[in-house]
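So you can see what is in the structure, the chains are spelled out below.
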Amino acid sequence: MLLPANKRRAVVFNFESISGHGRCIACAQGSGKRGNGREGSPLAGAGFGDYLRHNNANIGGSGLVISAIADSITRQVENVTDTVSEVFFEPVIRLGVTGLARAGKTVFITSLVANLMDRGRMQGLAASPRIEAAFLQPQPDDTVPRFAFEEHLAALTGPTPHWPNSTRAISELRLSLRVKPSGLLAGFQGARTVHIDIVDYPGEWLLDLGLMDKSYAEWSAEVFERIAEREEAAAYLERAANTQGADKLSEPVAKALADAFTNYLTKARDAGYYDCSPGRFLLPGELAGSPVLTFAPLQPAEAAGRRSLIREMERRYEAYKSRVVTPFFRDHFSKIDRQVVLLDALGAIHKGPAAVEDMRNAMGDILSAFKPGQNAFLSKLFLGKRVEKILFAATKADHLHHTEHAKLTAIVEAMVRGASDKAGFAGADTRALALASLRATVEDTLSHEGSKLPCVKGSLLSTGKQAAFYAGELPSDPAKLLVPARERAQVWLDADYQTMEFAPAVLDLKPGDGPPHIRLDRAAEFLLGDKL
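This write-up is about the structure you can find in this document.

This next bit is on the overall build of the protein. Assigned secondary structure in the protein consists of 17 helices and 13 strands. Looking at the protein as a whole, 49% of its 532 residues are labelled buried. Approximately 26,400 Å² of the protein is accessible, and the part contributed by carbon and sulfur atoms is 53%.

Here it is as structure tokens:
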């Protein structure tokens, strides 16, 4: 690296944090000396080429080091370019949408886009009257599948509406808005374009980010402690107990272990547990059957050789982190600056205290994966993007009478309180909200044993028949749910909470109206309003 002639300072290349081998090189301008910064080292007085040749022989090639440096520099340049473009040209809001299984991610995105294009029901979005046009454009990421908006909207609003298929992989959609300016100088300015890039990805993948700081041994110990008392894990625990990690690697044995562990994760998810990682075991996509998904936790094995089963399991676990989790974080997750986390809190409450506690832990793990803070110009330029706003949305609010919505919001706020406070301290804005992306019910009041019950009424998903439903009264104090959940109570002592699956209602939309919803406009105002 060239320095001014009158500056005799060393430039130090520190590779320790990248490759782990701990050597560095110092080149002093005009000093006539070159070395690795350590007296008496094998490279004392050697040049950079000698350094590379030395490490080629000792660590199997310096290509990984140079590649990592080049990749880091390239991404910094991309970050600078994107930041400058957003500030001086057309701003881009990159909105991530995730949630755990059956939280309603696909319906949320479909309804949000449809209601931003036809804004008759978006009174809560302050900028709605100033949006002159909304239109879909080709997304910027050519290698990411497009979110099938038109297909999902047809499923929800067609003559025989049905819920669309759930999220199975990452997808993206760009919605562009032409917005008239506001303020005193609005008459002297033309409309500007704001791009909203919506990124949809499974919440199970997000939980994998927690694996990055754990070794295989640490992860295995945590898994065995967590699943020891679970009925769903009995078959896997028996197989793992009868497997010797020190034995020589056998692919049929490794595959049988991985299959048994995957079966446990599937049963655990269906039973209402939310700590089901690695997430790609449940949603493997194109990785199905590959070695990177053929591992499972094992108890420690003494004197395990290099070709033993447990060593290979450890290697594949590390490959999963480097080949699957890291690219997802680097290519998609790290670029998000607004985030929605959807959760089916009503479903967890219905399943019982253990499910509520698992959801609370999962929400804490998800929030800890974000890099919260304010995206000021210089911080974006030099530190990369941060997640400025995080919305925790309890979906299916249309399964409750509106008198219960505030209680549901309070419960969600209490569930994420600890992690939310940390994000707020870092400069991010977090909020909880009860919403329904697509309203499938209407409210009603029924008489029961001399009292009036606030109910909702809709078409049952199983039969299509109309039914009225009373879910039960939520406690006004969230502690009445969260304390028994933390204590791992088996059942709720003083209440019974029910759920019912409703089918989407047949819609008769007027021109300019999007699909009916509950508080979707408030969610849009929180996530997008300041940029519009």
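After presenting the structure, the write-up continues.
In this section: the pairing of strand β13 (residues 466–469). Along β13, the buried face is formed by A467 and F469; none of Q466 and A468, which line the opposite face, is buried. Examined bridge by bridge, strand β12 (residues 451–459) and β13 share four bridges and lie antiparallel to one another. Looking across to β13, one finds that S459 is bridged to Q466.

Right, let's talk about the pairing of strand β8 (residues 338–343) for a bit. With six of its six residues buried, β8 lies for the most part within the structure. Taken together, the five bridges between strand β4 (residues 92–99) and β8 define a ladder with parallel strand orientation. Looking at the pairing, L95 lines up with R338 of β8. In this sheet, strand β9 (residues 389–394) lies alongside β8 in parallel orientation, the contact comprising six bridges. Its bridge partner lying in β9, Q339 is registered against I390.

Another point: helix α10 (residues 309–331). Over its 23 residues, α10 extends 32 Å from the first C-alpha to the last, a length consistent with the 33 Å expected when each residue adds 1.5 Å. Of all the bends found along α10, the most pronounced is centred on V325 and spans about 30°, while P327, a proline, follows it within four residues.

Bringing the sheet that holds strand β6 (residues 171–179) into the picture now. Strand order across the open sheet formed by seven strands is β5-β6-β7-β4-β8-β9-β10, with mixed pairing between neighbours. Two strands in the sheet have a free side with no partner beyond their single neighbour: β5 (131–137) and β10 (429–434). Mean inter-strand twist for the sheet, computed between neighbouring axes without regard to direction, equals 20°. Running at roughly 140° to β10, helix α14 (residues 405–415) makes contact with β8, β9 and β10 of the sheet.

Here the focus is the sheet that holds β12. Read from one edge to the other, the open sheet built from three strands follows the order β11-β12-β13, with strand pairing classed as antiparallel. Of all strands in the sheet, those with a lone pairing partner are β11 (442–448) and β13, marking the two edges. Within the sheet, the average angular offset between the axes of one strand and its neighbour, ignoring direction, is 40°.

Glancing now at the nonpolar core. Grouped together as the largest cluster of nonpolar side chains are 89 residues, with contacts concentrated most on Y236, F261, M363 and F392. By residue number, the principal contributor to this core is α10, which donates nine residues. Counting residues in each nonpolar core, the second largest holds 37 residues, with A127, L173, L175 and V194 among its members.

Inspection of the secondary structure puts T266 in helix α9 (residues 251–270). Considering only alpha carbons, one finds T266 and F281, 15 residues apart in sequence, at a separation of 8.8 Å.

Bringing the environment of R174 into the picture now. Within the element layout of this structure, R174 appears in strand β6. The buried category is assigned to R174, whose relative accessible area is 14%. Taking the C-alpha atoms as reference points, R174 and I93, 81 residues apart in sequence, are found 9.7 Å from one another. Every residue in contact with R174, bar those within four places of it in the chain, is listed here: V92, F135, L136, Q137, P138, Q139, P140, H195, I196 and D197. Among the polar contacts made by the side chain of R174, one reaches the side chain of D197 at a distance of 2.6 Å.

Two numbers describe a pair of packed helices, the interaxial angle and the distance between the axes. Between helix α8 (residues 234–241) and α9, whose axes approach to 8 Å, the crossing angle comes to 155°. Comparing their axes, α9 and α8 come out roughly antiparallel. α9 is crossed by α8, and the crossing has left-handed handedness. In contact with Y236, R239 and A240 of α8, α9 contributes A256, L257, A260, F261 and Y264. The residue inventory of the contact of α8 with α9, partitioned by class, reads seven nonpolar, no polar and one charged.

Attention shifts here to the packing of aromatic side chains. For the structure on display, the rule yields 16 aromatic pairs. Ring centres 5.1 Å apart and planes at 80° place the aromatic pair F281 and F295 in the edge-to-face group. Separated by 14 residues along the polypeptide, F281 in the loop between α9 and α10 and F295 in the loop between α9 and α10 bring together distant segments of the chain. Put simply, the rings of Y216, W219, Y236, F261, Y264, F281, F295, Y317 and Y320 touch in pairs and so form one group of aromatic residues. Over the ring of W205 we find R280, and its NZ or CZ is 3.6 Å from the ring centre. Positioned above the aromatic ring of F526, the side-chain terminus of K389 is 5.1 Å from the ring centre.

For the rest of this paragraph, the subject is the side chain of T110. Looking at the secondary structure, you find T110 in helix α4 (residues 105–117). By relative accessible area, which is 0% here, T110 ends up buried. Within the structure, the side chain of T110 is placed 2.8 Å from the backbone oxygen of T106, a separation counted as a polar contact. Those residues within four positions of T110 in sequence are excluded, and the remaining contacts are F147, F149, H152, L153 and L156.

What follows covers the pattern of salt bridges. Oppositely charged side chains are able to pair whenever their charged atoms sit close together. Applying the stated criterion across every chain yields a total of 26 salt bridges. The partner of E132 in a salt bridge is R178, and the shortest N-O contact between them spans 3.4 Å. One end of the pair, E132, is in strand β5; the other, R178, is in strand β6, with 46 residues separating them in the sequence. Residue classification places E132 among the partly exposed positions, given a relative accessible area of 42%. Judged by relative accessible area, which is 34%, R178 ranks as partly exposed. With a shortest N-O distance of 2.4 Å, R316 and E251 are connected by a salt bridge. Remark: E251 occurs in helix α9 and R316 occurs in helix α10; sequence separation between them is 65 residues. The exposure class of R316 is buried, given its relative accessible area of 4%.

Cut-offs used in this document
- Residues numbered from 1 in each chain as written.
- Predicted model: local features only at pLDDT ≥ 70, side-chain atom pairs only at ≥ 80, totals over all residues.
- Heavy atoms only, no water.
- Helix = DSSP H or I, 4+ residues; strand = E, 2+ residues; numbered from the N terminus.
- Buried < 20%, exposed > 50% of the residue type's maximum accessible area, 1.4 Å probe, protein only.
- Areas by Shrake-Rupley, 256 points an atom, 1.4 Å probe, with all protein chains shown as cover.
- Pairing = 2+ DSSP bridges.
- Expected span 1.5 Å × (residues − 1).
- Bend = angle between axes of the 7 residues up to and from the residue.
- Axes fitted to C-alpha atoms, helices over the stretch in contact; angles between N-to-C directions.
- Contact = heavy atoms within 4.5 Å.
- Core = buried A, V, L, I, M, F, W, Y, C linked by side-chain atoms within 4.5 Å.
- Polar contact = N/O pair within 3.5 Å; in protein donor to acceptor, adjacent residues only side chain to side chain.
- Parallel < 35°, antiparallel > 145°, perpendicular 65-115°, else oblique.
- Left-handed = near helix turned anticlockwise from the far one by under 90°.
- Nonpolar A, V, L, I, M, F, W, Y, C, P; charged D, E, K, R; others polar.
- Phe/Tyr/Trp six-rings, centres within 6.5 Å; stacked < 30°, edge-to-face > 60°.
- Lys NZ or Arg CZ within 6 Å of the ring centre and 35° of its normal.
- Salt bridge = Lys/Arg side-chain N within 4 Å of Asp/Glu carboxyl O.

Worth remembering: the numbers are spatial, not functional.
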